[in-house]
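# Tertiary structure, described
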Amino acid sequence: DAMVIQNPRYQVTQFGKPVTLSCSQTLNHNVMYWYQQKSSQAPKLLFHYYDKDFNNEADTPDNFQSRRPNTSFCFLDIRSPGLGDAAMYLCATSREGTLEKLFFGSGTQLSVL
Amino acid sequence: RKEVEQDPGPFNVPEGATVAFNCTYSNSASQSFFWYRQDCRKEPKLLMSVYSSGNEDGRFTAQLNRASQYISLLIRDSKLSDSATYLCVVNELNAGNMLTFGGGTRLMVKP
């Protein structure tokens, strides 16, 4: 019954080697988000899509890119992962606007060697 | 000053105790308030939305105090399974109206 699905659950990459994390949803929600969460810290919003409209947070590094080819799928691309990019990456959706609750995927734990 | 602020804890309480957390927010125009629960290395899960009139769900009670700009979460009769980090989430108009997370309060319930 998973509604927001993230793959893989764990991802190991090498320093500087591009990596893509994926997220899919069966909720038909308009808004999809990517959060980065480091140990003992709050989730930090990287960017979000409202339908096809991409919204980047001002402090999100250029190293992070995203694609949303259709309503159901959203990808996070890290072009050149650094050691500081090791974190849990959480995908979330909401039906409409930001006044609504978030539905999270189970996250992808990224390790950078 | 952080926009959404929580005491990180940990709060160590015995089983059966009542425990309360507060969360302060900086923008008086904020309209949406939530409590999420997060277990170690898992995703946040919605615990409850917080309404102006206050709301209760079993052992959990959430309240909103707009005048003082804080929300609270009360847990009665704590269970071992309540051990987790509790995240306060508020929509922040200064942050593009995005939902902003507090740093979380860690709760540890001991036998």
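Look a little higher up for the structure.
Here is a short report on the structure shown in this document.

## Re the nonpolar core
Counting residues in each nonpolar core, the largest one holds 23 residues, and the members touching the most others are F21, W35, I71, L73, I75, Y86 and L107 of chain B. Those residues within four positions of L73 of chain B in sequence are excluded, and the remaining contacts are V19, A20, F21, W35, L47, M48, F60, T61 and Y86 of chain B.

## Description of the interface of chain B and chain A
Of the residues lining the interface, 18 residues belong to chain B; the matching set on chain A comes to 20 residues. Together, the buried faces of chain B and chain A total about 1,600 Å²; carbon and sulfur atoms form 62% of this surface. Across the contact surface, chain B and chain A share 0 salt bridges. Linking chain B to chain A there are 3 residue pairs in polar contact (both at pLDDT 80 or more). A per-class count over the side of chain B that touches chain A returns 8 nonpolar, 7 polar and 3 charged.

## Some words on the pairing of strand β9 (residues 87-94) of chain A
Side-chain direction in a regular strand flips from residue to residue, so the side chains alternate between the two faces of the sheet. All names here are of chain A. The element β9 is extensively covered by neighbouring structure, given that 8 of its 8 residues are classed as buried. Relative to β9, strand β4 (residues 31-37) runs antiparallel, the two being bridged by 7 bridges. Within the sheet, the bridge partner assigned to Y33 lies in β9 and is A92. Both β9 and strand β11 (residues 108-112) contribute to a ladder of 3 bridges, which runs antiparallel.

## Structural notes on the state of the cysteines
All names here are of chain A. Evaluation of the coordinates by the stated rule reveals 2 disulfides over all chains. For the unlinked cysteine C74, the closest cysteine sulfur is that of C91, found at 6.0 Å. On the accessibility criterion, C74 (0% relative accessible area) is buried.

## Thoughts on the packing of aromatic side chains
Per the stated rule, a full pass over the model turns up 14 aromatic pairs over all chains. Measuring from ring centre to ring centre gives 5.5 Å for F21 of chain B and Y86 of chain B, while their planes differ by 40°; the resulting arrangement is tilted. Within this pair, whereas F21 of chain B is found in strand β3 (residues 19-25), its partner Y86 of chain B is found in strand β9 (residues 84-92), the two being separated by 65 residues in sequence. Accessibility assignment for this pair places F21 of chain B and Y86 of chain B in one class, buried. Linked through ring pairs, Y33, Y35 and F104 of chain A together with F34, Y36 and F101 of chain B together constitute an aromatic cluster. Stacked on the ring of Y10 of chain A, the Lys or Arg R9 of chain A has its end atom at 5.2 Å from the ring centre.

What counts, and where the lines are drawn
- Each chain has its residues counted from 1, following the order in which its sequence is written.
- A letter from A marks each chain and a number from 1 marks each ligand, given out in the order of writing.
- It should be noted that, the model being predicted, local features are given only for residues of pLDDT at least 70 and side-chain atom pairs only at 80 or more, the latter also being counted only at that level, while totals for whole chains, interfaces and linings use all residues.
- Values shown for side chains rest on all heavy atoms present in the structure; no hydrogens or waters enter the calculation.
- Residues belong to one nonpolar core when they are buried, are Ala, Val, Leu, Ile, Met, Phe, Trp, Tyr or Cys, and are joined through side-chain atoms within 4.5 Å.
- Exposure categories follow from relative accessible area, calculated using a 1.4 Å probe and restricted to protein chains: below 20% of the type maximum is buried, above 50% is exposed, and the middle band is partly exposed.
- We call two residues contacting when some pair of their heavy atoms lies within 4.5 Å.
- Summed over both partners, buried area is the accessible surface (1.4 Å probe) that two parts give up on being assembled.
- Just to be clear on terms, a salt bridge is a Lys or Arg side-chain nitrogen sitting within 4 Å of an Asp or Glu carboxyl oxygen.
- Two N or O atoms form a polar contact when they lie within 3.5 Å of each other; inside protein one atom must be a possible hydrogen donor and the other a possible acceptor, and for residues adjacent in sequence the pair counts only when both atoms belong to side chains.
- In the scheme used here, Gly and all other residues not listed as nonpolar or charged are polar, with Ala, Val, Leu, Ile, Met, Phe, Trp, Tyr, Cys and Pro taken as nonpolar and Asp, Glu, Lys and Arg as charged.
- By definition, any uninterrupted DSSP run of H or I lasting at least four residues is a helix, any uninterrupted run of E lasting at least two residues is a strand, and each is numbered from the N terminus.
- Any two strands with at least two DSSP-identified bridges between them are counted as paired.
- By convention in this document, the label disulfide applies to cysteine sulfur atom pairs within 2.5 Å.
- We call Phe, Tyr and Trp rings a pair once their centres come within 6.5 Å, taking the six-membered ring for Trp, and we label the pair stacked below 30 degrees between planes, edge-to-face above 60, and tilted otherwise.
- Either the NZ atom of lysine or the CZ atom of arginine qualifies as a charge over a ring when it sits within 6 Å of the ring centre and within 35 degrees of the ring normal.

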